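For reference, the chains in residue letters:
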Amino acid sequence: AGGLVVAVDGPGGSGKSTVSRQIARQLRLRYLDTGAMYRAITQVALDRRIDIEDPVAVAEVAERTVLTIGTDPDQSTIHVDGVNLDEQIRTRAVTNAVSAIAAVPAVRARLVAQQREIIAESLAAGGIVVEGRDIGSVVAPEAPVKVFLTASTEVRALRRSRQLGEKGVDDVARTLAELDRRDALDSSRTVDPLSIPEGAIVLDSSTLSVSEVVDEVMRRSEHLL
Ligand code: C5P
């Protein structure tokens, strides 16, 4: 058996994680959150007070860091040198620094190699749903199912704001500005920018519910298993 790879790309707050986990559960596949890997390297760089605009220093952090990530859709945990970072990687400090780290080619090379290993190992177990920014274009261009999930900036900012437990209008405005900035950085970087991969179906989660998105992806995936 070949095993199935479902690649899910899209900007922040588009609902990738919710959708990807659900598809993995329904199809009994593994799940990989590649954003968590970039976030973990970022957390380490911040901890060590490295200048995140210095690509040489950042690359060195990535090279020395031993990262392990689980592939259970119900509980994907990330560890760096044995320390659990599940909570820390979701902070605002990490979210606002991660795009600079993810733009460093040596960081990407290392993480993409690790992601491909995890995908290869998962194939024997049926397959994997992988979410990120460059999965259908770079990490797994042969994936038989590619999804590009979008949503309006306003919808995405509202979602993120809610995830962060924010309530005020000012908070949403700030989150929107930060999300806009991160999207612009992710889309304009020279190495593997966020883009719609060739062959991807584009779904807009501002007009589709989670279950509608999941159903559409299921419809295109089920018969491949
Ligand atoms: O998906 P998430 O919001 O957790 O991703 C955090 C950041 O990691 C993104 O803004 C992007 O800079 C980077 N990323 C990436 N390539 C991926 C996944 C995430 O560059 N495949």
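Residues numbered from 1 in each chain as written. Predicted model: local features only at pLDDT ≥ 70, side-chain atom pairs only at ≥ 80, totals over all residues. Heavy atoms only, no water.

Filter applied, for reference: UniProt positions are given in the numbering used here, feature names are shortened, and annotations may be inferred rather than shown by experiment.
Under the annotation held in an unreviewed UniProt entry, the chain carries the name Cytidylate kinase and is attributed to Parafrankia irregularis. UniProt annotates the chain under Sequence similarities (unreviewed entry) with the comment "Belongs to the cytidylate kinase family. Type 1 subfamily." In its Subcellular location (unreviewed entry) section, the UniProt entry covering the chain states "Cytoplasm".

## Some details on the overall build of the chain
Filter applied, for reference: Elements are defined by DSSP. Helices are runs of H or I of four residues or more, strands are runs of E of two residues or more, and each kind is numbered from the N terminus. We compute the radius of gyration over the C-alpha atoms and compare it with the globule rule, which gives 2.2 Å times the number of residues raised to the power 0.38. Exposure categories follow from relative accessible area, calculated using a 1.4 Å probe and restricted to protein chains: below 20% of the type maximum is buried, above 50% is exposed, and the middle band is partly exposed. Contact definition: two residues touch when any of their heavy atoms are within 4.5 Å. Per-residue accessibility takes into account occlusion by the displayed protein chains alone, with areas from the Shrake-Rupley method and a 1.4 Å probe. Note on charges: Lys and Arg go in the positive column, Asp and Glu in the negative column, and His and the chain ends are not counted at all. The atom standing in for a charge is NZ when the residue is Lys, CZ when it is Arg, CG when it is Asp and CD when it is Glu.
Within the chain, the regular secondary structure consists of nine helices and eight strands. A compact globule built from 225 residues should have a C-alpha radius of gyration of about 17 Å, and the chain, at 17 Å, falls within 12% of that. Taking all 225 residues of the chain together, 48% fall into the buried category. Excluding contacts between residues fewer than 6 apart, the proportion of contacts in the chain whose partners are at least 24 apart in sequence is 77%. Here the chain displays about 10600 Å² of accessible surface, and carbon together with sulfur accounts for 51% of that area. Averaged over its 27 positive side-chain charges, the chain has a centre that lies 2 Å from the centre of its 33 negative ones.

## Here's the deal with the sheet that holds strand S5 (residues 83-84)
The criterion, for reference: DSSP-based pairing: two strands are paired if at least 2 bridges between them are found.
A sheet is described by the order of its strands in space; here three strands give the open sequence S3-S4-S5, paired in antiparallel fashion. Strands with a single pairing partner mark the edges of an open sheet, and in this sheet they are strand S3 (67-69) and S5. Bridge analysis of strand S4 (residues 78-80) against S5 gives two bridges, and the strand direction is antiparallel. Residue Val-80 lies in a different strand from S5, and its bridge partner there is Val-83.

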